[in-house]
Amino acid sequence: MPKPVIQEETTGCGIASVANILGKTYAEMKKRANAMGIHASDPSLWSDTQHVRRLLSSAGMETSSQEIPFESWDSLPDLALLSIKHHREDDKDFWHWVVFRRLDGRPFVLDSASYLPSNIRTDFSAMHPKWFIEVKNP
């Protein structure tokens, strides 16, 4: 089981999720993100998928070109970024990024939120994804 990366900033879930996928620390991923002009203090990190796509692409990872509506946990690919806690503010969509993984047939979610008792989650009924981005090695 991987050791989850915890976000070090309130708005750092995208950076932490990419770190969880790439096996990097939060500090390493934040440094790479900042060098690309991506900062956790930017509120668009919660409402734009291009930031995480650019970070993953810079590491040689491929992502689905579109967000795919969530249908069921069983139908997810083995690795995906999920949007949960989806809500609207001032006509803009916001969400929290988490990582879905399936290892040896066992599904789990890496959730970088610092307030959770466990950042490896299997309480699937408590999470309500709206859509996902498939992630794969090229």
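Look up a bit, the structure's there.
One structure accompanies this document, and this report is about it.

About the criteria used
Position numbers for residues count from 1 along each chain, tracking the sequence in the order it is written. With the structure being a predicted model, the display of local features is reserved for residues of pLDDT at least 70 and the display and counting of side-chain atom pairs for 80 or more, all residues being used for whole-chain, interface and lining totals. The side-chain figures draw on all heavy atoms in the structure; neither hydrogens nor water molecules are used. Put simply, buried Ala, Val, Leu, Ile, Met, Phe, Trp, Tyr and Cys residues joined by side-chain atoms within 4.5 Å make one nonpolar core. Whether a residue is buried, partly exposed or exposed follows from its accessible area with a 1.4 Å probe, protein chains only, as a fraction of its type maximum: under 20%, in between, or over 50%, in that order. Counting from the N terminus, the helices are DSSP H or I runs at least four residues long and the strands are E runs at least two residues long. Lines fitted to the C-alpha atoms define the axes, with helices restricted to the stretch that makes contact. Angles between their N-to-C directions range from 0 to 180 degrees. In this scheme the handedness of a crossing depends on how the near helix is turned from the far one: anticlockwise by less than a right angle means left-handed, clockwise means right-handed. Between two residues, a contact is recorded if the distance between any of their heavy atoms is within 4.5 Å. Each residue receives one of three labels: charged for Asp, Glu, Lys and Arg, nonpolar for Ala, Val, Leu, Ile, Met, Phe, Trp, Tyr, Cys and Pro, and polar for the others, Gly being one of them.

**Remarks on the nonpolar core**
Buried together is how nonpolar side chains tend to be arranged in soluble globular proteins. Within the largest apolar cluster, 27 residues are counted, with the highest numbers of intra-cluster contacts made by Ile21, Leu56, Leu81 and Trp97. Looking at this core, the elements with two or more residues in it are helix H1 (13–22), helix H2 (26–35), helix H3 (50–58), strand E3 (79–89), strand E4 (92–103), strand E5 (106–110) and strand E7 (131–136). Top element by residues in this core is H1. It accounts for 7 residues. If you look at the next biggest cluster of nonpolar residues, it comprises 12 residues, including Phe70, Ala80, Ile84 and Phe100.

**What to know about the packing of H1 against H2**
Packing of H1 against H2 leaves a shortest axis separation of 9 Å and a crossing angle of 115°. In this structure, H1 crosses over H2, and the sense of that crossing is right-handed. Here Ile15, Ala16, Val18, Ala19 and Leu22 of H1 lie close against H2, whose contacting residues are Tyr26, Met29, Lys30, Arg32 and Ala33. Of the residues contributing to the contact of H1 with H2, the split by class is 8 nonpolar, no polar and 2 charged.

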